[in-house]
Amino acid sequence: MDDGRFGELFEKHKYSLGQIERLTPQALTTISDSTNWPPMNLSTSTTFGTRVTSNFYTESTASYSKSKGITDTTKLERIKHSVIELQNLGLIETHKYDRAIAVCKLTNIGLELMEYIKPIN
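Here is what the cut-offs are and how they apply
- Residues numbered from 1 in each chain as written.
- Predicted model: local features only at pLDDT ≥ 70, side-chain atom pairs only at ≥ 80, totals over all residues.
- Heavy atoms only, no water.
- Helix = DSSP H or I, 4+ residues; strand = E, 2+ residues; numbered from the N terminus.
- Buried < 20%, exposed > 50% of the residue type's maximum accessible area, 1.4 Å probe, protein only.
- Areas by Shrake-Rupley, 256 points an atom, 1.4 Å probe, with all protein chains shown as cover.
- Lys, Arg positive; Asp, Glu negative; His and termini not counted.
- Charge placed at Lys NZ, Arg CZ, Asp CG, Glu CD.
- Core = buried A, V, L, I, M, F, W, Y, C linked by side-chain atoms within 4.5 Å.
- Contact = heavy atoms within 4.5 Å.
- Pairing = 2+ DSSP bridges.
- Polar contact = N/O pair within 3.5 Å; in protein donor to acceptor, adjacent residues only side chain to side chain.
- Phe/Tyr/Trp six-rings, centres within 6.5 Å; stacked < 30°, edge-to-face > 60°.

(A) Quick look at the overall build of the protein chain. Helix and strand counts for the protein chain stand at 6 helices and 5 strands. Listing the helices and strands of the protein chain from first to last along the sequence gives α-α-α-β-β-β-α-α-β-β-α. With 121 residues in all, the protein chain has 34% of them scored as buried. Here the protein chain displays about 7,700 Å² of accessible surface, and carbon together with sulfur accounts for 52% of that area. Across the protein chain, the centroid of the 14 positively charged side chains sits 8 Å from that of the 14 negatively charged ones.

Given below as structure tokens:
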């Protein structure tokens, strides 16, 4: 494969659409609601600078679900799975801003995908 063809595969539109294709509908819904992700309480965590490097899934799921009024345990597990999916794909990360307060945020690649995903209002 020549350099031009290789570089073409990494053009913004092709790359973003390929990433979106990998996501479940639940992960797409979660990422489209990123402007409504609430802060979470992380009393114990490992960080690199402000970025949380330890698991934050349980706390993130609890905080997000509470903000949505969701209490069904099956739905909570699905939300948690979607958060893990987004983090494993490098689309979200969590940053700690206070001793115990952290916020999930889209990575640069996650922000690029939002240009193709309609946000939930």
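(B) Summary view of the nonpolar core. In terms of nonpolar packing, the biggest core is built from 22 residues, with Ile31, Phe56, Leu86 and Ile92 touching the most fellow members. Beyond its immediate sequence surroundings of up to four residues, Phe56 is in contact with Met40, Leu42, Val83, Gln87, Ile92, Thr94 and Cys104.

(C) Molecular detail of the pairing of strand 5 (residues 101-106). For strand 1 (residues 40-41) and strand 5, the ladder comprises 2 bridges, and the chain directions are antiparallel. Paired with Met40 across the two strands is Ala102, which belongs to strand 5. Across 5 bridges, strand 4 (residues 92-96) lies against strand 5 in antiparallel orientation. Directly across from Lys96, in strand 5, lies its bridge partner Ala102. The hairpin turn running from strand 4 into strand 5, its antiparallel successor, is 4 residues long.

(D) Spotlight on the side chain of Ser65. Counting through the fold element by element, Ser65 comes out in helix 4 (residues 57-68). Looking at Ser65, its side chain comes within polar contact range of the main-chain oxygen of Thr61, at 2.7 Å. Sequence-distant contacts of Ser65, that is, excluding residues within four places in its chain, are made with Ile70, Leu76 and Ile79.

(E) How the structure looks around the packing of aromatic side chains. Under the counting rule described, the total for this entry stands at 1 aromatic pair. Here Phe56 and Tyr57 contribute two aromatic rings whose centre-to-centre distance is 5.0 Å and whose plane-to-plane angle is 50 degrees, an arrangement assigned as tilted. With respect to burial, Phe56 and Tyr57 carry one shared label: buried.

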